[in-house]
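# A closer look at the structure
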Amino acid sequence: MQVLHTSADAFTLMPHGVRVPMADHASVLDAALAAGLSVPFSCQRGVCSSCAAVCASGEVERAATASANAIDPDPGRVLMCQVRARGDVVLQVPDWVPQSLPKRLTLHVLSRRALSPDVVELVLDPGAGLATRSGHHLRIQLPGSDHRCFSIANRRVDDLDPIELQIRRVPGGHFSDGLLGELMPGDALEVEAPFGAPATLASDAPLVLLATGTGYAGVRALLQAALADPATPAVTLYWGGRHEADHYARAELDAWAAADTRLRWHAVSPQATKGHAGQDDALQRHVQDHALRDGHDWSSVRVHACGNPAMLRDARLALQAAGLPAARWFADAFVASGREAATHDWERSGPHFDLAGIVSAREKSIAAVTDIAALLRPGMSSAEAQVLADARLRAMGSQRNWHPTIVRFGEDTTCTSREPGDPERRLRADDIVFIDIGPVWDGYEGDYGDTFVFGDDEAHLRCAEAARAVFTEARAAWEAGASGVDLYALAEAAALRHGCTLVREMAGHRVSDFPHALYGRHKLAQAGFAPGDGLWVLEIQVRDHVRPIGAFFEDVLMSKTC
C-alpha cells in the first residue's frame, strides 16, 4: 500500500529549534539541507552514522531511497538520510552545537605602539560589540580577496572590551611591512571574526604553555584566563625567541609572576643550544626540551602550544613520549597568510573555513592513530578493535566520525573501505594491521591512516613500507604541481616498482569544515588540476603481489609552511 505524504509532515531539529517541512524531499537529511541547515552528514548511505539523531517525539518512516546496507542505529536513534517524518517529529542531534558564522565588521584603530623593534601592538575598538573567547583569532581583510590572520591576544570578558593584536613586521610583507605602518588611531579596518576553536581550560589541571616568537599572542589570553581562575593550580610558560628582544613582554610577565606565585615563565633562547644559535629547528627542540627538564607530571597537566606545525609536531611527540595524554594536548598552528579563495569549484569550503582548523585536526588524528595502535592486543577481533578505536577518539575529544572507523587485520587488509571484511577476524601475534579514522575535531574533518606490523614477518614489513613509499613519491609530485590525475598515475607505477598493485578504488577525497559533503564528493584521482593546500586527502592502498595482504597510508596534502 502506498503511503500518502501530507503537508503536515515536518520535523523540528534541536537544539536549533527550526521546524522544517518534509514537502517532496526524499529524506529528513535532504529536507534539512534544502532548508539551508548544515546538519552533520557524510556518506548518505546509512553507513557512517554521521547523521544520527534521537527521535524525541513523533514517528518516522523508512525513506524510499533508504539503503539496504544501512547500519541499525541504537534504540531511539535514527539516521536522517534513511527516514522521512510522519506527522510532526522532533529530532535531537547529539553534540551538534549551533555556531554563529563569523561577522564582517568595520573596526577602528584605538592605538598602536611598538612592543619591540619588529613587533607592534594594535588595539581595535569592537564598535557595537564582538563576542570572542580565548583562543579565537580574526582576519583583517586586504584589498582584493587577500587577508591576514592574527590571534586575539587579550582575555575579553565583555563584548565591548578592546581587541589587542600583536603583529610582527615581516620584511616585504604586504600588511605588516606596508599597510600596518600607515595605520593611525581612528583608521578603519575591515575585519571578519571570530575564527578558530575557542579553548576551554580545566581549572583543576596545571597549565603548561609553549610558544615561539609572536606565538605568545596565541597563548596570552589563555594565560590571563587561567590566572583569573583561582582554581588553576599552576601556570608555566616556555617562550622561545631568537634574540633577547623577541621576549617583548618580559616586563609584563615579570609583573604578573610577582603578583601571582602560580605563574612561572622561562625565556628560552637558542644560545643554550651550542652551535645552533638562530636556527629554528634547534630553537623549537629547545623549547620542549626545556619543559621536559622541569619535572612536570605530564600525566596530569594540560598543554597549549602556539607556533608553526614543525614545532607543534616535535613538541607533541616529545611530551606524549614523556606521558602526556593525547587528549590533554592542544595546539594553534601558524599557517600561511592570506589563503586565496578556492581556484576550482571542487575546492569550495564553508564561509567560516580556516586552514588552521585542518592543521589542528590533522595533528590530533595522527596522535589518535598512534594511540589506537598502541592499544591493540593479539586475540582481539577487528570488531572489538573498532569499538576500542571509537572509544579512544571520544576520549580524546572528537565529537563524531565523518566516516566509519576501519581496522583491518591480516588478509582483510586487501579490502577497500566499502568492503566489509570479517568482523570476527582475530589479530595474531605475527600480523599486519591498518587503521583508518575520520574523526571530527572542533568542527573540522580529520583523516589519517597507517599500517602497523606485529612481529617481524618480512612480507608484512615490505608491504607496509611500500604504501608509505608510494605516498611519499606521490606527495613529492603534488609539491611540484602535479594534478590529481597525474598523482594516481604516478602512484600506480610506483606501486609496481615496490612489488604491489595500487588499489584504484581508493581515490582520495576532500576534507574541510564538517561536512565537506555539502560541497560535493569529488575524487582526488579525477582532479585534472593541481590540488590546493590542506584541502585533499591522498589515499594509498596497495596489495602485495606475493601474499594475500595489503597496506594503507593516507594523509592530508599540506605544505611544510602550513
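See the structure shown above.
Residues numbered from 1 in each chain as written. Predicted model: local features only at pLDDT ≥ 70, side-chain atom pairs only at ≥ 80, totals over all residues. Heavy atoms only, no water.

## Quick notes on the side chain of Thr 413
Looking at the secondary structure, you find Thr 413 in the loop between strand 17 (400-409) and strand 18 (431-441). Since its relative accessible area comes to 0%, Thr 413 is described here as buried. Here Gly 410 takes part through its backbone oxygen, which lies 2.6 Å from a polar atom of the side chain of Thr 413. In this view, Thr 413 contacts Arg 408, Ile 432, Val 433, Phe 434, Gln 541, Ile 549, Gly 550 and Ala 551; residues no more than four positions away in its chain are not counted. (Helix = DSSP H or I, 4+ residues; strand = E, 2+ residues; numbered from the N terminus. Buried < 20%, exposed > 50% of the residue type's maximum accessible area, 1.4 Å probe, protein only. Polar contact = N/O pair within 3.5 Å; in protein donor to acceptor, adjacent residues only side chain to side chain. Contact = heavy atoms within 4.5 Å.)

## Focus: the pattern of salt bridges
Counted according to the given criterion, the structure contains 27 salt bridges. Of the charged contacts in the structure, one is a salt bridge between Arg 84 and Glu 61, with a shortest N-O distance of 3.7 Å. Separated by 23 residues along the polypeptide, Arg 84 in strand 5 (residues 83-92) and Glu 61 in strand 3 (residues 52-62) bring together distant segments of the chain. Across this residue pair, the class does not change: Arg 84 and Glu 61 are buried. Residues Glu 473 and Arg 497 are paired through a salt bridge, measuring 2.4 Å at the closest nitrogen-oxygen approach. Note that Glu 473 is positioned in helix 9 (residues 458-479) and Arg 497 in helix 10 (residues 484-497), a separation of 24 residues in sequence. Given the relative accessible area of 29%, Glu 473 is considered partly exposed. (Salt bridge = Lys/Arg side-chain N within 4 Å of Asp/Glu carboxyl O.)

## Let's talk about helix 8 (residues 382-395)
When the terminal C-alpha atoms of helix 8 are compared, their 20 Å separation across 14 residues agrees well with the 20 Å that a helix rising 1.5 Å per residue should span. Listed in full, the buried residues belonging to helix 8 are Ser 382, Ala 385, Ala 389, Asp 390, Arg 392 and Leu 393. In a view along the axis of helix 8, the buried residues occupy a sector of 160°, so they form one face of it. Summarising the contacts, the buried residues of helix 8 are in contact with helix 7 (355-375), strand 17 and strand 18. Looking at the residues trailing helix 8, positive phi occurs at Gly 397, about 105°. (Expected span 1.5 Å × (residues − 1). Arc of directions from axis to C-beta.)

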